[in-house]
Amino acid sequence: MSSEASMLEVDGLSAFYGEARVLDEISFTLHEGSAAIVGRNGMGKTTLCRAIMGITPPDSEGSVLLDGRELGGEPSYVICSAGIGYVPQGRELFPSLTTDEHLRMIGGRLVARGRWDVDAVYGLFPQLARRRRLSGAQLSGGEQQMLAIGRALLTNPRLLLMDEPSEGLAPAIVDELLETCHRLRDEGIGLLVVEQNLGVAGRLADRLLVMVSGRIEHDTHAAELLEDEEAQRRYLGVESMATGEGA
Amino acid sequence: MIRYRGAWTVGTRVVLVLVLLAVALVPAFFSTYFTGAVALKVLWLGLAAASLTFLSGQGGMVSLAQTALFGVGGYITARLMVFEAMSPWLAALIGVGAATAAGLVVGSIASGSRVIYFLMITLAFAVVAYLFFSQVSTFGGHTGINGVFAPAPLDNPTLKPTAVYYVCLACCVVAYLLLRYVGRTPFGLALQAVRDEPARANALGFDVRLHRTLAFALAAAIAGVAGVLATWQTTRISPGTIDVTRTIELLVVAVIGGLYRLEGAWLGAFVYVLLDTYLRGLSGRFETWIGIAFVAIVLLSPGGLAGLLARIDEEVRRPERKRRRRRRRRRAPRLGSALRRTG
């Protein structure tokens, strides 16, 4: 879409749980904008997120370039500081911290380097501002997702890496989530989103990367894959079609 | 779900002020012996235990090195005062600085490990420190260093303990407020996040080892201050002050008091010193009794005495809580409970 230099460049990224190879030399490039990673359960989508983010396990090897800077092999706090914000699957809030504390704890240096501070996050999610004294566990699923996104935004990332953000959310809440994602994308934040639901993935990003058994099998456009029932059956299992239409 | 920082309600504030007032009036209403030998020890032992409570409650690090760090503070101060005739205040400052530096070193080594390994590394340091101070003759070897007299009017803690007592109390109050304050800063919150889930905190840009090391150094400074105060109160320090028995003693004090509330440290010290002082005279089996008390408290209340008090407090306020919760449910979010995920 854009002729500018690539934002994220993953080259030959492999990951292992012990002896088992879960990612097999994954390579792809993300320019400005957004892309979604789709695939069935157990194809290595979450492992890919963890490997990009430098979280162990898995043990990973290979190259991850963000704006030309090599991040492969770096610890995850360095990767976060370099500009990748991670929104993990299942939100993964801290059980002992309140909403407000989740936001206030992010390091001052990261907050100061961009436009996202605590007030800006509350501005984006006014609902969170009303729940600032509740602990993460007391929030609804949608609010937890907002908080996980807000927490990642505070590090003022160049790229947001989101793992199954729509999981467990009602359709109306998913719509709100998509709206937020589009807003962030329009502000220039890159989005790389793992999404099980093909319909949601298609609305999130035009570009879809299909993962099969630890490899990117197919690099395609959402419209194309949504029309190609045969490919859907092959890569995603036929039932994803129905859920895709529903959302 | 463990919240380290109890919220300060109006009731808690009133209780804390009353307790502080009572503690401040001890020299006026109790005997010199009680003030000098019991209350004063409660203060510095509680201070040392508070450094452990902070580390373990907020940082998830149960350290066995606190007594040794306490010893570093005490020993360096005593050595400088007695053998170098240095000004006691400067000596104390250097002693606390040495404890902090030792904390930085030990912390940077131990911060990479968790749970049992962390425990073993800190225990190893405790044993090394004990052997070092008991073998090296510059620190007095087995006899230790005697005649460590603080500047007047702190120089006679046995007969005139009041001044020492207030200095100690001031240190405790400052340390308590400081640790509470740190708990609320972004650093403290991040430390708690690191305790809850190191990998998640790491992915949010926190250098987990650095955070744990800095927290360890802060706790070491507090332990060092306690060591200086203890040395001034007893006017001496010897290897017996920092051996493994003392290390265990400090752990027992902190656990009896409760590892999840800072106040618990002094509460634990209070109970321990009382039993130590008065039960030892009545029964030759003090260790047995304190052991039974320890087991009973751990079984009855994992949060120690402070946790027990908090629970009683909660029981008393229960009706009010319930009402509030019901109100909250009524204006609950429009998203149904089906969407609710408990993290």
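Heads up: these notes are all about the structure in this document. As the structure is a prediction and not an experimental result, all values here were calculated from the model.

### Let's talk about the interface of chain B and chain A
Taken together, the contact between chain B and chain A spans 26 residues of the former and 35 residues of the latter. The set of elements that each furnish at least two residues to the side of chain B that touches chain A consists of helix H8 (186–196) and helix H9 (198–203) of chain B. Element by element, the count of residues in the side of chain B that touches chain A is highest for H8 of chain B, at 6 residues. Within the side of chain B that touches chain A, the residues separate by chemical class into 14 nonpolar, 5 polar and 7 charged.

### Observations regarding the sheet that holds strand S6 (residues 84–87) of chain A
Residue and element names in this part refer to chain A. Taking strand neighbours across the sheet as the criterion, the 6 strands line up as S6-S7-S8-S3-S9-S10 in an open arrangement whose pairing is mixed. A strand with exactly one partner marks an edge of an open sheet, and here the two such strands are S6 and strand S10 (215–221). Between one strand axis and the next, the sheet turns by 20 degrees as a mean value, whatever way the strands run. As paired elements, strand S3 (residues 34–38) and strand S9 (residues 207–212) share 4 bridges and run parallel to each other. Note that in S9 the partner of Ile37 across the bridge is Leu209. On the sheet, helix H7 (residues 141–153) packs against S6 and strand S7 (159–163) and is oriented at approximately 165 degrees with respect to S6.

### Overview of the pairing of strand S8 (residues 190–194) of chain A
Residue and element names in this part refer to chain A. Summarising burial for S8: 5 of the 5 residues are buried, a large majority. Here S8 shows two buried faces, one formed by Gly190, Leu192 and Val194 and the other by Leu191 and Val193. Summarising the sheet, S3 and S8 pair through 4 bridges and their orientation is parallel. Bridge assignment links Ile37 to a residue of S8, and that residue is Val194. Relative to S8, S7 runs parallel, the two sharing 5 bridges. Looking at the pairing, Leu159 lines up with Gly190 of S8. Handedness of the β-α-β unit built from S7, helix H8 (residues 171–186) and S8 comes out right-handed.

Calculation notes
- Sequence order sets the numbering: in each chain, residues are counted from 1 along the sequence as written.
- Written order determines the labels here, with chains lettered from A and ligands numbered from 1.
- In keeping with the model being predicted, local features are shown solely for residues with a pLDDT of at least 70 and side-chain atom pairs are shown and tallied solely at 80 or more, while totals for entire chains, interfaces and linings include all residues.
- Residues are defined as contacting one another if the C-beta atoms placed from their backbone atoms lie within 7 Å.
- Secondary structure counts use DSSP, requiring at least four H or I residues in a row for a helix and at least two E residues in a row for a strand, with both numbered from the N terminus.
- Each residue gets one of three labels, nonpolar for Ala, Val, Leu, Ile, Met, Phe, Trp, Tyr, Cys and Pro, charged for Asp, Glu, Lys and Arg, and polar for the others, Gly among them.
- Strands are treated as partners if at least two bridges between them are detected by DSSP.
- Each axis is a line fitted through C-alpha atoms, and for a helix only the stretch in contact is used; angles between axes span 0 to 180 degrees, taken between their N-to-C directions.
- Whether a residue is buried, exposed or partly exposed follows from its count of other C-beta atoms within 10 Å of its own C-beta, namely 20 or more, 12 or fewer, or something in between, respectively; the C-beta atoms are built from the backbone.
- Handedness of a crossover is defined as follows: orient the strands so they point away from the viewer, and if the path from the first strand over the helix to the second runs clockwise, the crossover is right-handed.

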